[in-house]
Amino acid sequence: MTGHPSFELSATDGAARSGVIKTGRGDVRTPAFMPVGTAGTVKAMLPESVAATGADILLGNTYHLMLRPGAERVADLGGLHGFMNWERPILTDSGGFQVMSLAGMRKVTEEGVRFTSHIDGSRHMLSPERSVEVQRLLESDIVMCFDECPALPAPDEAIAKSMRLSMRWAERSKAAFGEQPGRALFGIQQGGLNRELREESAEALVAMGFDGYAIGGLAVGEGQEATFAVLDHAPAMLPFDKPRYLMGVGKPDDIVGAAKRGIDMMDCVLPSRSGRTGQAFTRRGTVNVKNARHANDPRPLDESCTCPACRNYSRAYLHHVFRAGEMISGMLLTWHNLQYYQDLMSGIRDAIRTRRFLAFEDEFHALRAQGDIAPL
């Protein structure tokens, strides 16, 4: 694959931005939402079904794929795209967040993280060099630097120590990445909720020079108000002409708020996880199909949605198959949620291009305030 990924901004509205990330495997329209295909699959979905929702890019995960089936095995079988039947771009998370979640099963040193597999108890080392190697073996289009992601709240001293370790790891990640035609490497800003630490992190990353920049260390328990407070200043610390990726976000109102503040890329497990637990996102808020009030409801989840769940099935049917424990429940609700998220992103992009983002935001919140009981 040739042609280095590039980013082209086409419109702005306030801090909100719309553009395209051009890669050898296709364009990514921004702001973009990336469905999460952690282990080489978006749960309950066929890859072609994910593409049908309008997704330009998926997220895979270094930690999970290195443990099972193994990065070397995926490489021997032709890389992650062919292995999982997804021809469009893939961004891979470095595994940093996952290993940091292994409380009591990991040890962090300057070298990296030694951890015990949650699958079989085997011992592993994930360092900046190994993380980049795994992502190369997977043939990821966008590679993430290996970082430490501390949970919030935490003392500033702990956040500062962690951030500076992540910056040293970023330097090692870049050295390990070297020159890889057709692939991009993103740095990850850390610093918790502390503006000065965010500035220090951004300055260090910009001095190294990356193809894009993520805002990490959020969506880890701090709440939306604190997240937005950081996003009111953190994106502007990063280069204007490079993509900005907010990791692990989020709910629909999180996404609208992040796009408003200049974020170009987001990812979250919420659409698929919620679908498997009977929750559907609609223009009027969240619908819990497990609730008894849907048992005799002939309406679709959302009359404006073009997904199979809304085109072909009633709320009563979705209530029934969820209550019966049928697999089709998670399949239909996940498809609907992913369609809703991609439709939301399309609406955001259109609003930015026509410079009516604030009106779009007002309409978004007004519809959700009406609630699901109001007639569709």
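Everything that follows concerns the structure shown earlier in this document.
These numbers come from a predicted model, not from an experiment. (Residues numbered from 1 in each chain as written. Predicted model: local features only at pLDDT ≥ 70, side-chain atom pairs only at ≥ 80, totals over all residues. Heavy atoms only, no water.)

### Quick look at the side chain of Asp141
Assignment of secondary structure puts Asp141 in the loop between helix 6 (128–137) and strand 10 (142–144). A distance of 2.7 Å separates a polar atom in the side chain of Asp141 from a polar atom in the side chain of His81. (Helix = DSSP H or I, 4+ residues; strand = E, 2+ residues; numbered from the N terminus. Polar contact = N/O pair within 3.5 Å; in protein donor to acceptor, adjacent residues only side chain to side chain.)

### Considering the pattern of salt bridges
Evaluated as defined, the whole model comprises 18 salt bridges. Measuring nitrogen to oxygen at the nearest pair gives 3.3 Å for the salt bridge that ties Asp27 to Lys22. Given a relative accessible area of 30%, Lys22 falls into the partly exposed group. Here Arg130 ties to Glu133 by a salt bridge, and the two come within 2.9 Å at their closest N and O atoms. Linking Arg130 with Glu133, this pair stays in helix 6, spanning three residues, or about one helical turn. (Salt bridge = Lys/Arg side-chain N within 4 Å of Asp/Glu carboxyl O. Buried < 20%, exposed > 50% of the residue type's maximum accessible area, 1.4 Å probe, protein only.)

### A closer look at the environment of Glu225
Within the secondary structure layout, Glu225 lies in helix 9 (residues 224–231). Along the chain, Glu225 and Asp254 lie 29 residues apart, while their C-alpha atoms are 9.8 Å from each other.

### Concerning the layout of surface pockets
Empty space among the atoms can be located by rolling a probe the size of a water molecule over them. The calculated volume of the largest pocket comes to roughly 1000 Å³. Around the largest pocket, the lining comprises 45 residues; the ones closest to its centre are Phe97, Gly248, Asp267, Cys268 and Val269. Listing elements by their share of the lining of the largest pocket, those giving two or more residues are strand 5 (58–61), helix 2 (62–67), helix 5 (96–100), helix 9, strand 13 (244–246), strand 14 (265–268) and helix 11 (270–276). Of all the elements, helix 11 adds the most residues to the lining of the largest pocket, at four residues. A class-by-class count of the residues in the lining of the largest pocket yields 18 nonpolar, 17 polar and ten charged. There is about 360 Å³ of room inside the second largest pocket. Taken together, 13 residues make up the lining of the second largest pocket; nearest its centre are Arg283, Ser304, Tyr340, Asp343 and Leu344. Mapped onto the lining of the second largest pocket, the elements with two or more residues apiece are helix 14 (327–353) and helix 15 (357–370). If you tally residues by element for the lining of the second largest pocket, the top one is helix 14, at five residues. Looking at side-chain class alone, the lining of the second largest pocket contains six nonpolar, three polar and four charged residues. (1 Å grid on protein atoms, 1.4 Å probe; cavity = no way out; pocket = protein on both sides within 12 Å on 5 of 7 lines; lining within 4 Å. Points joined across faces, edges and corners; volume = space filled by probe spheres on them. Nonpolar A, V, L, I, M, F, W, Y, C, P; charged D, E, K, R; others polar.)

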